[in-house]
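Examining the three-dimensional arrangement
Given next are the chains, with one letter for each unit.
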Amino acid sequence: MLWILRFSWFFSAAIMMVVFSPSFQSFPPAEAIRSSQMDRMGFRLFQLEPHLQVSFRKSRLFRNVEGCGVRAAPSLGKPGVCDPGVVHVAITLDVEYLRGSIAAVHSILQHSRCPESVFFHFLVSETILETLVASTFPGLNFKVYYFDPNIVKNLISTSVRQALEHPLNYARNYLADLLEPCVDRVIYLDSDLVVVDDIAKLWFTSLGTKTIGAPEYCHANFSKYFTDRFWSNKRLWETFSGRQPCYFNTGVMVIDLMKWRRMGYTKRIERWMEIQKRVRIYELGSLPPFLLVFGGHVAPIEHRWNQHGLGGDNVRGSCRDLHPGPVSLLHWSGSGKPWLRFDLKQPCPLDALWAPYDLYGYSS
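Okay, so let's go over this structure.

This paragraph deals with helix H11 (residues 265-278). Taking 1.5 Å as the rise per residue, H11 with 14 residues should run 20 Å; its terminal C-alpha atoms sit 21 Å apart, in good agreement. If you check which residues of H11 are buried, you get Tyr-265, Thr-266, Ile-269, Glu-270, Trp-272, Met-273 and Gln-276. All buried residues of H11 lie within an arc of 160° about the axis, which places them on one face of the element. Exposed and facing more than 90 degrees away from the buried side of H11 are Lys-267 and Arg-278.

On to the state of the cysteines. This structure, assessed with the given rule, holds four disulfides. Bridging Cys-68 to Cys-114, the disulfide has an S-S length of 1.9 Å. Every disulfide takes its handedness from the sign of the S-S torsion; for Cys-68 and Cys-114 that torsion is -90°, giving left-handed. Taken together, the residues span a long stretch of sequence, with Cys-68 in the loop between strand S3 (53-56) and strand S4 (87-93) and Cys-114 in the loop between helix H3 (98-111) and strand S5 (118-124) at a distance of 46 residues. Comparing Cys-68 with Cys-114, the two get one shared label, buried. Each disulfide of the chain joins two cysteines, and with those cysteines numbered along the sequence the arrangement is 1-3, 2-4, 5-6, 7-8.

With that out of the way, let us pick up the sheet that holds strand S12 (residues 252-256). Taken in spatial order, the seven strands make up an open sheet running S6-S5-S4-S7-S12-S9-S13, and their pairing is mixed. The open sheet has two free edges, formed respectively by strand S6 (142-146) and strand S13 (298-300), since each of these has just one partner strand. Strand-to-strand, the axes of this sheet are offset by a mean angle of 25°, without reference to chain direction. Sheet contacts for H3: S4, S5 and strand S7 (185-189); angle to S4, the most-contacted strand, approximately 165°. Helix H4 (residues 129-136) contacts S4, S5 and S6 of the sheet and is inclined by roughly 170° relative to S6.

What follows concerns the packing of H11 against helix H12 (residues 287-294). Contact geometry of H11 with H12 gives a least axis separation of 9 Å together with a crossing angle of 120°. The orientation of H11 relative to H12 falls into the category oblique. Crossing handedness for the pair H11 and H12: right-handed. Between H11 and H12, the residues in contact are Tyr-265, Arg-268, Ile-269, Trp-272 and Met-273 and Pro-289, Phe-290, Leu-292, Val-293 and Phe-294, respectively.

You can see Asp-190 is positioned in the loop between S7 and strand S8 (193-195). At 3.4 Å, the side chain of Asp-190 and the side chain of His-331 are in polar contact. Other than its neighbours up to four places away in sequence, Asp-190 contacts Arg-172, Asn-249, Gly-251 and His-331.

This model, assessed by the stated rule, comprises twelve salt bridges. The closest approach of N and O atoms between Glu-180 and Lys-143, which form a salt bridge, is 2.4 Å. Here the residue Glu-180 occupies a position in the loop between helix H6 (175-178) and S7, and Lys-143 occupies one in strand S6, the gap between them amounting to 37 residues. Notably, a salt bridge pairs Glu-270 with Lys-267, separated by 3.6 Å at the nearest N-O pair.

The subject of this paragraph is the pairing of S4. Looking along a regular strand, one sees the side chains alternate between the two faces of the sheet. Burial within S4 is extensive, with seven of its seven residues counted as buried. Examined bridge by bridge, S4 and S5 share seven bridges and lie parallel to one another. Residue Thr-92 lies in a different strand from S5, and its bridge partner there is Leu-123.

With that settled, consider the packing of aromatic side chains. Applying the stated criterion across every chain yields a total of 21 aromatic pairs. Geometrically, the ring pair formed by Phe-222 and Phe-226 is tilted, given 5.8 Å between the ring centres and 50° between the ring planes. A relative accessible area of 5% places Phe-226 in the buried class. Aromatic pair Tyr-265 and Phe-294: ring centres 4.7 Å apart, planes at 50°, arrangement tilted. Of the two residues, Tyr-265 sits in helix H11 while Phe-294 sits in helix H12, which places them 29 residues apart along the sequence.

Scoring rules and cut-offs
Residues numbered from 1 in each chain as written. Predicted model: local features only at pLDDT ≥ 70, side-chain atom pairs only at ≥ 80, totals over all residues. Heavy atoms only, no water. Helix = DSSP H or I, 4+ residues; strand = E, 2+ residues; numbered from the N terminus. Expected span 1.5 Å × (residues − 1). Buried < 20%, exposed > 50% of the residue type's maximum accessible area, 1.4 Å probe, protein only. Arc of directions from axis to C-beta. Disulfide = S-S within 2.5 Å. Pairing = 2+ DSSP bridges. Axes fitted to C-alpha atoms, helices over the stretch in contact; angles between N-to-C directions. Contact = heavy atoms within 4.5 Å. Parallel < 35°, antiparallel > 145°, perpendicular 65-115°, else oblique. Left-handed = near helix turned anticlockwise from the far one by under 90°. Polar contact = N/O pair within 3.5 Å; in protein donor to acceptor, adjacent residues only side chain to side chain. Salt bridge = Lys/Arg side-chain N within 4 Å of Asp/Glu carboxyl O. Phe/Tyr/Trp six-rings, centres within 6.5 Å; stacked < 30°, edge-to-face > 60°.

Shown next as structure tokens:
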């Protein structure tokens, strides 16, 4: 917990700076983007509405320390997607969560011992976001993958929150198909988190014989993730027969893509989504199909790698505290997001830990 002590001195200052500075506000949808240019201070400006531009600071370059040992692709001077020495990280990029995604990338680079050895796989439904990433992180090792919303359009059912119905929430189901065959392992991360430890530590976590690894929470009431109709149908609930399923959050996962491809897990997930369209067996979007397929078959990862549930809502007085124990990743899962709370001038105390990684702001 020493890193928290290092951050504690700027809690109040960070909150005041973000609340009162217009450079820490979120921006309108990307479909309003018209053009980009550089301002006098070196910020990239993207024209939104006629009298509004969004600016974001260019991240400094992050270099490997001696001994990282990653091999560069000769033609590019940096590691390629198939380089065996890189850490693969997949994150979605969309308009609503773009500010969070950039903060997540920034945090990974800042705390990585070998940042040049991290390769980012960005899943998008709008190609303009590639330019935004490239201009913010010069020299970043990344590739953008277009995810066609039509792939899941007819499989998505209504959820308790409309945000959970966004097609990109289901892109994680298709990583084995979207990423190159040479990528045999990937870390999947949500957009509403920051990493405060070396991502390589998570990368080298042993999965044993399992296909995915994630922090599990066996004290959670597992039954609540499915409807009474599910639990009253023996043919459905027997899928858990012989297993001891525990809840896990799909926002932080280490995935063995070779095993995923071999076992055809994408099709298995899709089958449960098809059942959901006919018989409503759950309410929570993309999570339950993962629980149905992998519950009881997850390699446990230390809880420090997903301090989740920080997305409480200060408007309703539901700010969350950290769970006991060490912290390597802070996750604002839930309805409240730190950048939105800053815009409302009602941040939760822990939002000050997200603010240092925020690179965005308005320029009028």
